[in-house]
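Examining the three-dimensional arrangement
In case you want the letters, here they are:
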Amino acid sequence: AGSPRCRAYVRAEKGAKIHVSPNVLVVPLKRYTMGRFSKITKFVEFPATLDLTPYMSRDAPYEGKSPPTYTLYGVVVHLDWGGSAHSGHYVSYVRLLDGRWCKCDDGRVETCDESAVLKQKAYLLFYERDAVRPSCAPTRTRSQQLRVERLVAEREARDRRGGGGGGTAKS
């Protein structure tokens, strides 16, 4: 459909931006189809390092002195029998503090190469931020903070005038 004002067709884009980058990023990959409850077994490529800078909103609040870059530290894989979502077995791959990778399969833990990890049909990916974002950093943009302050000031002014409606009961 075209625009009602100019009747011109425009290319529509849908997107989402990240407002505050987390210190730990968990990425779930959809591996199950609804209805038939079968498993999606297609390989999805994922990186060992990730930079969220292109996905951050333009008005993202303070992110610290370093960009939101991440390093993969965990992968969960669902091993199945015959593509079934009803049964199977979970194994995980974990990067140790010294950079080595281990495969954890119930009580058995063995070392493995990062290249083997990156070839897995992942179900969950765990990334940690390279430089921890301070917990005291603001999560609102400057314009959002000003709006909150304005709304609080308006509510306080109403309460002083006896206008109430501010959500607190007076006895």
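As the structure is a prediction and not an experimental result, all values here were calculated from the model. (Residues numbered from 1 in each chain as written. Predicted model: local features only at pLDDT ≥ 70, side-chain atom pairs only at ≥ 80, totals over all residues. Heavy atoms only, no water.)

**Let's talk about the state of the cysteines**
Operational definition: For the purposes of this analysis, a disulfide is any pair of cysteine sulfur atoms at a distance within 2.5 Å. When accessible area is computed with a 1.4 Å probe and restricted to protein chains, residues below 20% of their type maximum are described as buried, those above 50% as exposed, and intermediate ones as partly exposed.
Scanning the entire structure with this criterion turns up zero disulfides. Distance from the sulfur of Cys 102, which forms no disulfide, to the nearest cysteine sulfur (Cys 104) is 6.1 Å. When its relative accessible area of 9% is taken as the criterion, Cys 102 is described as buried. Accessibility expressed as a relative area gives 23% for Cys 104, which makes it partly exposed.

**So, the packing of aromatic side chains**
To keep things clear, this is the line we draw: Two rings from Phe, Tyr or Trp (for Trp, the six-membered ring) form a pair when their centres are within 6.5 Å of each other. A pair whose planes differ by under 30 degrees is stacked, one over 60 is edge-to-face, and the rest are tilted. Secondary structure elements follow DSSP: runs of H or I of four or more residues count as helices, runs of E of two or more count as strands, with numbering from the N terminus.
All told, the structure shown has two aromatic pairs when counted by the stated rule. Between the aromatic rings of Tyr 73 and Phe 126, the centroid separation amounts to 6.1 Å while the plane-to-plane angle is 55°, which identifies the pairing as tilted. Placement of Tyr 73 in strand E3 (residues 69-79) and of Phe 126 in strand E7 (residues 122-129) is noted, with a sequence separation of 53 residues between them. Look at Phe 126 and you get partly exposed, because its relative accessible area is 22%.

**Focus on a positive patch on the surface**
Inclusion rule: Residues form patches when they are more than 30% accessible in relative terms and have no salt bridge. Like charges link within 9 Å. Nonpolar side chains (Val, Leu, Ile, Met, Phe, Trp, Tyr) link within 5 Å. Throughout, the Shrake-Rupley method with a 1.4 Å probe supplies accessible areas, and for residues the shown protein chains are the sole cover considered. Salt bridges, as used here, are contacts in which a Lys or Arg side-chain nitrogen is within 4 Å of a carboxyl oxygen on Asp or Glu. Residues scored as positive are Lys and Arg, those scored as negative are Asp and Glu, and His as well as the terminal groups of each chain are ignored. For the purpose of locating charges, the reference atoms are NZ of Lys, CZ of Arg, CG of Asp and CD of Glu.
Among the surface-exposed residues, Arg 155, Arg 158, Arg 160 and Arg 161 lie close enough to one another that they form a single positively charged patch. On the secondary structure map, Arg 161 appears in helix H2 (residues 142-161). Arg 161 sits in the exposed class, given a relative accessible area of 64%.

**Details of the pairing of strand E4 (residues 89-95)**
What counts, and what does not: By the convention used here, strands pair only if DSSP detects at least 2 bridges between them.
In the sheet, E3 pairs with E4 via six bridges, with the strands oriented antiparallel. When the bridges of E4 are listed, His 78 appears paired with Tyr 90. Where E4 lies against strand E5 (residues 101-105), four bridges are found, and the strand directions are antiparallel. Looking at the pairing, Ser 92 lines up with Cys 104 of E5. Between E4 and E5, which pair antiparallel in sequence order, lie five residues; one of them, Gly 99, sits at a positive phi of approximately 95°.

Coordinates in, geometry out; function isn't part of it.
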